[in-house]
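Take a look at the letters that make up each chain.
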Amino acid sequence: MNLRHEILLIEDEKNICNFIATALRTQDYKVNFAGNGANGLAMAASGCPDLILLDLGLPDMDGIDVIHSIRKWSNIPILVISARTQEKEKVDALDAGADDYITKPFGTSELLARIRTALRRSSINGSTSVSARNRYMAKELVIDYEKHIITVDGEIVHFTQIEYKILTFLARNAGKVITYDTLITHVWGPYADSNNRILRVNMANIRRKLEQNPADPQYIFTEIGIGYRMIDNENL
Ligand code: CA
């Protein structure tokens, strides 16, 4: 049985393609290339890759449109490759349904870690493992979604309803960057004020209850200007 993960790389810059291909092949991933958006979409549909690495600046179309198009029919993990100057594009890409982004220039180990996380999350979401679906665990933190119980180091910690909603949404998407807008919409609904002050207030309270040192969090990380990312679920 062939269990090699297949990755589709949609990127027009040759040197980046070569760099990524070399990194992926050392880990035994199978890599296919598309040099523009149209070919990328065709290959995504025909090849059913396990993950897509997508450059946002493509010669023929906007990478965001590639994401919209794929999300109409597939939940395949999409990891966006963006330039440092594309802050707004990162948020748009995540809101369009990308799973994560990596900023150029990036190193091999960072790239591989992001890919592993995205593949793992997609296998959990598609898995029938009751344990993986009902429970989140990382370091000293355990969230039991069924019983609505959260413990840190064995002690039950109480959260308000809003805090619980924020925390469990991040936990269910552990490893993935969740934008401020996505989180606000999930917790307060689509007509909520997109001003994120109330979110920041709630996050400060969550961190005060969760983190040993809220100024140096180990469970929920801030992606400045973009959103939050919760540490990976270790319950696999
Ligand atoms: Ca490009």
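Source: prediction; values computed, not measured. Along each chain, residue indices are assigned from 1 in the same order as the chain's sequence is written. Restriction of local features to residues with pLDDT of at least 70 applies here, the model being predicted, together with a cutoff of 80 or more for giving and counting side-chain atom pairs; totals for whole chains, interfaces and linings are based on all residues. Calculated side-chain values reflect all of the structure's heavy atoms, with hydrogen atoms and water omitted.

**Student:** Mind laying out the sheet that holds strand β5 (residues 100-104), listing which residues take part and the relevant values?
**Tutor:** Any two strands with at least two DSSP bridges between them are considered paired. Every helix listed is a DSSP run of H or I at least four residues long, and every strand listed is a run of E at least two residues long, numbered separately from the N terminus. Taken in spatial order, the five strands line up as β2-β1-β3-β4-β5 in an open sheet, and their pairing is parallel. If you trace the sheet from one side to the other, it starts and ends with β2 (30-34) and β5, each paired once. Neighbouring strand axes in the sheet, compared pairwise and without regard to direction, differ in orientation by 20° on average. The sheet strands contacting helix α2 (residues 37-47) are β1 (6-10), β2 and β3 (51-55), and the helix crosses β1 at an angle near 165°. Contacts between helix α3 (residues 63-71) and the sheet are confined to β1, β3 and β4 (78-83), with β3 contributing the most and set at about 155° to the helix. Inter-axis angles, ranging from 0 to 180 degrees, are taken between N-to-C directions of lines fitted to C-alpha atoms, where helices are fitted over the stretch in contact. Here a residue-residue contact requires only that any non-hydrogen atoms of the pair lie within 4.5 Å.

**Student:** Which residues make up the side chain of D55, and what are the values?
**Tutor:** Residue position: D55 is located in strand β3. Of the polar contacts made by the side chain of D55, one reaches the side chain of K104; its length is 3.4 Å. For D55, the contacting residues outside a window of four places in its chain are I10, E11, D12, G63, I81 and K104. For this analysis, a polar contact is any N or O atom pair within 3.5 Å, provided that within protein one partner can donate a hydrogen and the other can accept it, and provided that sequence-adjacent residues contribute only side-chain to side-chain pairs.

**Student:** Just give me the short version of the coordination of the calcium ion, but keep the residues and values in it.
**Tutor:** The donor set comprises N, O and S atoms within 2.8 Å of the metal, extended to 3.2 Å for Na, K and Ca; water molecules are omitted, so apparent gaps in a site may simply reflect that omission. Taken together, D12 (OD), D55 (OD) and G57 (O) make up the protein donors of the calcium ion, found 2.1 to 2.4 Å from the metal. In primary sequence terms, the donor set of the calcium ion follows D-x42-D-x1-G. Of the two residues, D12 sits in the loop between β1 and α1 (14-26) while D55 sits in strand β3, which places them 43 residues apart along the sequence. Per-residue accessibility, obtained with a 1.4 Å probe over protein chains only, is compared with the maximum for each type, and a residue is labelled buried under 20%, exposed over 50%, and partly exposed between these values. Taking relative accessible area as the criterion, D12 reaches 33% and is therefore assigned partly exposed.

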